[in-house]
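Descriptive structure summary
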Amino acid sequence: MADAKMSEADLARRIGVDEKTVSRWVSLGRVPHPRHRWAAAAALDVEEEMLWPDSVRANVKTGYDREIVSAFPHRSLIPRTLWRDLISGARRELVFAGYTNYFLWLDLPNLRSALRRRAEAGVHIRWLVGDPDSPVTAQREEVEGVPLTPSTRIRVTLDELGKLRDAAPSVAGRFSDRHLAMSLFRFDADMLVCTHLADQMGHDSPTFHLRRRQDGGLFDRYAAHIEYLWETGRDIWPAPPTSSTP
């Protein structure tokens, strides 16, 4: 719209809709009906896919790949706005299954506050991290050979989680050594899947944004993997032993 030097009111008049309708497309990410998408694209002199790529791809694809919303050659290329939108948009479940999850606290300002609000809204939040004292972590430290070691990064996450859990006791966490090569982040029916490459750091790893659209597809396969990791994991905060009454 800026390139075409059009305001929301201008575009609304051109395609015959209410100005508030255009505002919802812009501010809330609402997807218009096909005839309005075609009219808006024509008025702005751009391809429809440029304005609403997810909708166009979903309509064109018919196979399992229709669950792939987008792909990033490096995790670091994922916009912060996407992380924020996925977290704030979750209504049922959030899962953070990275081996250290360290980058989240650096890249997403006020993450702890955002997660506390989600927990207070009834969202089930789970964290899976590597065990900082395990042989798997020690071996990874040798591979990476960086001063900020995986065990240190894990302990930063554990410290942040402890503060979060003080404010939101429903937050759960478990250790797992079985997801070193792949990080998974679930936001209800959306998921980010980061596949780690050999000796490279997580921010350099290819990442896919998936959205569930069918039974038994890519999303369901990765969701089942998350549940397997969770069931085989070990609680970060073991339940205190119950005292027996003499």
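Details of the structure are given in the entry above.
Presented here is a report on the structure given in the accompanying data block. (Residues numbered from 1 in each chain as written. Predicted model: local features only at pLDDT ≥ 70, side-chain atom pairs only at ≥ 80, totals over all residues. Heavy atoms only, no water.)

**Describing the overall build of the protein**
This is how it is decided: Runs of E in the DSSP output that reach at least two residues are strands. Runs of H or I that reach at least four are helices, and both are numbered from the N terminus. For every residue, the accessible area (1.4 Å probe, protein chains only) is compared with the maximum for its type, and the residue is labelled buried under 20%, exposed over 50%, or partly exposed between those bounds. Between two residues, a contact is recorded if the distance between any of their heavy atoms is within 4.5 Å. With residues, only the protein chains shown are counted as cover, and all accessible areas are computed by Shrake-Rupley using a 1.4 Å probe. For the charge count, each Lys or Arg is scored as positive and each Asp or Glu as negative, with His and the chain ends excluded. By convention, the charge on Lys lies at NZ, on Arg at CZ, on Asp at CG and on Glu at CD.
Counting its regular elements, the protein contains 11 helices and 8 strands. With respect to the three principal axes, the spread of C-alpha positions in the protein is 75 × 45 × 35 Å. For the protein, buried positions account for 43% of its 246 residues. Long-range contacts, defined as pairs at least 24 residues apart, comprise 66% of the intrachain contacts of the protein with a sequence gap of at least 6. In the structure as shown, the protein presents an accessible area of about 13,600 Å², 51% of it carried by carbon and sulfur atoms. Within the protein, the 34 negative side-chain charges are centred at a point lying 5 Å from the centre of the 34 positive side-chain charges.

**Focus: the packing of helix α8 (residues 111-120) against helix α10 (residues 150-167)**
For the record, the criterion: Axes here refer to lines fitted to C-alpha atoms; in helices the fit is confined to the stretch in contact. Angles between the N-to-C directions go from 0 to 180 degrees. Rotating anticlockwise by less than a right angle from the far helix to the near helix defines a left-handed crossing, while the corresponding clockwise rotation defines a right-handed one. All residues other than Ala, Val, Leu, Ile, Met, Phe, Trp, Tyr, Cys, Pro, Asp, Glu, Lys and Arg, Gly among them, are scored as polar; the first ten of these are nonpolar and the last four charged.
Between α8 and α10, whose axes approach to 10 Å, the crossing angle comes to 35°. Relative to α10, α8 is oriented so that their crossing is right-handed. Within the contact between the two elements, α8 uses Arg 112, Leu 115 and Arg 116 and α10 uses Glu 160, Lys 163, Leu 164 and Ala 167. Here the contact of α8 with α10 is built from residues that sort into 3 nonpolar, no polar and 4 charged.

**Quick word on the side chain of Glu 67**
The test is simple: For this document, the term salt bridge refers to a Lys or Arg side-chain nitrogen within 4 Å of an Asp or Glu carboxyl oxygen. Each polar contact in these results corresponds to two N or O atoms within 3.5 Å; when the atoms are within protein, one needs to be able to donate a hydrogen and the other to accept it, and residues that are neighboring in sequence are counted only if both atoms are side-chain atoms.
Mapping Glu 67 onto the fold places it in the loop between α5 (53-60) and β1 (68-72). Buried and unpaired, Glu 67 has Arg 212 as its nearest opposite-charge partner, separated by 5.6 Å. Of note is the side chain of Glu 67, whose polar atom sits 2.9 Å from the backbone nitrogen of Arg 213. Ignoring anything within four residues of it in the chain, the contact list for Glu 67 reads His 209, Leu 210, Arg 211, Arg 212, Arg 213, Gln 214, Gly 217, Leu 218 and Phe 219.

**Thoughts on the pattern of salt bridges**
Within the structure shown, the criterion is met by 15 salt bridges. Among the ionic pairs, Asp 190 bridges to Arg 211, the shortest N-O distance being 3.0 Å. With a gap of 21 residues between them, Asp 190 in strand β6 (residues 190-195) and Arg 211 in strand β7 (residues 207-211) connect regions that are remote in the sequence. A network of salt bridges, in which partner residues are shared, links Glu 93, Arg 126, Arg 186 and Glu 227.

**Here's the deal with the side chain of Arg 75**
Here Arg 75 shows up in the loop between β1 and α6 (80-89). Although buried, Arg 75 forms no salt bridge, and the nearest oppositely charged side chain, Asp 107, lies 5.3 Å from it. Apart from the residues within four sequence positions on either side, Arg 75 is in contact with Phe 103, Cys 194, Gly 202, His 203, Ser 205 and Thr 207.

**Overview of the nonpolar core**
Side chains of nonpolar character tend, in soluble globular proteins, to be buried together. The cut-off we apply is this: Definition of nonpolar core: a set of buried residues of the types Ala, Val, Leu, Ile, Met, Phe, Trp, Tyr and Cys, connected through side-chain atoms within 4.5 Å.
The biggest cluster of nonpolar side chains holds 31 residues, and the ones touching the most others in it are Phe 96, Leu 115 and Trp 127. Listed by contribution, the elements that provide at least two residues to this core are α6, β2 (93-97), α7 (102-107), α8, β3 (124-129), α10 and β5 (182-187). Looking at this core element by element, the count peaks at 4 residues for α6. Phe 96 has contacts with Ile 87, Asn 101, Leu 104, Leu 115, Ile 125, Arg 126, Trp 127, Leu 128, Leu 184, Phe 185 and Phe 187, leaving out every residue within four places of it along the chain. In terms of nonpolar packing, the next biggest core, distinct from the first, is built from 14 residues, Ala 97, Leu 128, Met 182 and Leu 184 among them.

**Quick look at the sheet that holds strand β8 (residues 234-235)**
Rules: Strand pairing follows a simple DSSP-based rule, namely that at least 2 bridges must link the two strands.
With mixed pairing, 8 strands are arranged side by side in an open sheet as β1-β7-β6-β5-β2-β3-β4-β8. Bordering the open sheet on either side are β1 and β8, each of which pairs with just one other strand. Where β3 and strand β4 (residues 172-175) come together, 4 bridges link them in parallel fashion. Following the sheet pairing, Trp 127 is matched in β4 by Gly 173. Of the strands in this sheet, β2 and β3 are in contact with α8, which crosses β3 at around 135°.

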